[in-house]
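An overview of the molecular structure
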Amino acid sequence: MLVAGQVVIAGIVALICAALLDAPAGWAAAIGGGIGAVGSLAQVASGFRRSTTGDAAAIARGFYRGEAIKIGVTVLLFVLALRGRRLEAGPLFAGYVASFVAYWVALLRTAGTRGT
């Protein structure tokens, strides 16, 4: 659900950039948001792929492995995006940063359900 939320938020930011600036800015924002979503998907797929029920050390290893892979995938995708096309950096990074709004929404929803 988190990755889906990131895709939705990135799409909204891309549409806003396209409407306020131009179509290339919208594409740059979409690519930036896509980088954030793909990085999160890589983290989830790698870090939580095995059953770790009750094993705190395995959970920690999975988390750290997933985070390292996420950083590597993110850096690689930014290098490819910036080398492959002439993208506007502002919208590209705006889309990437906006994709993290999904984390805050998920955190607030989780905190709200624990209080009940």
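It should be noted that the structure appears before, not after, this text.
Note that this is a predicted model, so its numbers are computed, not measured.

Quick word on the overall build of the chain
Of regular secondary structure, the chain possesses five helices and zero strands. Sequence-ordered secondary structure for the chain, helices as α and strands as β, is α-α-α-α-α. When the backbone C-alpha atoms are referred to their principal axes, the chain occupies close to 50 × 35 × 15 Å. The burial tally for the chain puts 32% of its 116 residues in the buried class. Sequence-distant contacts, at least 24 apart, represent 70% of the contacts inside the chain between residues at least 6 apart.

Describing the environment of Y103
Looking at where Y103 falls in the secondary structure, it is placed in helix α5 (residues 101-114). The exposure class of Y103 is partly exposed, given its relative accessible area of 25%. Measuring from C-alpha to C-alpha, the distance between Y103 and P91 comes to 20 Å, with 12 residues separating the pair along the chain. Setting aside anything within four residues of it in sequence, one finds Y103 in contact with L2, Q6, S40, Q43 and K70.

With respect to a nonpolar patch on the surface
Side chains of V8, I12, I16, L20 and L21 sit close together on the surface and give an oily, nonpolar patch of about 510 Å² of accessible area. Secondary-structure assignment places L20 in helix α1 (residues 2-20).

Description of the packing of α1 against helix α2 (residues 23-47)
Two elements in contact, α1 and α2, have axes separated by 7 Å at closest approach and are oriented at 170 degrees. Between α1 and α2, the angle falls in the class roughly antiparallel. In this structure, α1 crosses over α2, and the sense of that crossing is right-handed. Of the residues in α2, those in contact with V3, Q6, V7, A10, V13, A14, C17 and A18 of α1 are A23, A25, G26, A29, A30, G33, G36, A37, S40 and L41.

About the cut-offs
- Residues numbered from 1 in each chain as written.
- Predicted model: local features only at pLDDT ≥ 70, side-chain atom pairs only at ≥ 80, totals over all residues.
- Heavy atoms only, no water.
- Helix = DSSP H or I, 4+ residues; strand = E, 2+ residues; numbered from the N terminus.
- Buried < 20%, exposed > 50% of the residue type's maximum accessible area, 1.4 Å probe, protein only.
- Contact = heavy atoms within 4.5 Å.
- Patch = residues over 30% accessible without salt bridge, like charges linked within 9 Å, V, L, I, M, F, W, Y side chains within 5 Å.
- Areas by Shrake-Rupley, 256 points an atom, 1.4 Å probe, with all protein chains shown as cover.
- Salt bridge = Lys/Arg side-chain N within 4 Å of Asp/Glu carboxyl O.
- Axes fitted to C-alpha atoms, helices over the stretch in contact; angles between N-to-C directions.
- Parallel < 35°, antiparallel > 145°, perpendicular 65-115°, else oblique.
- Left-handed = near helix turned anticlockwise from the far one by under 90°.

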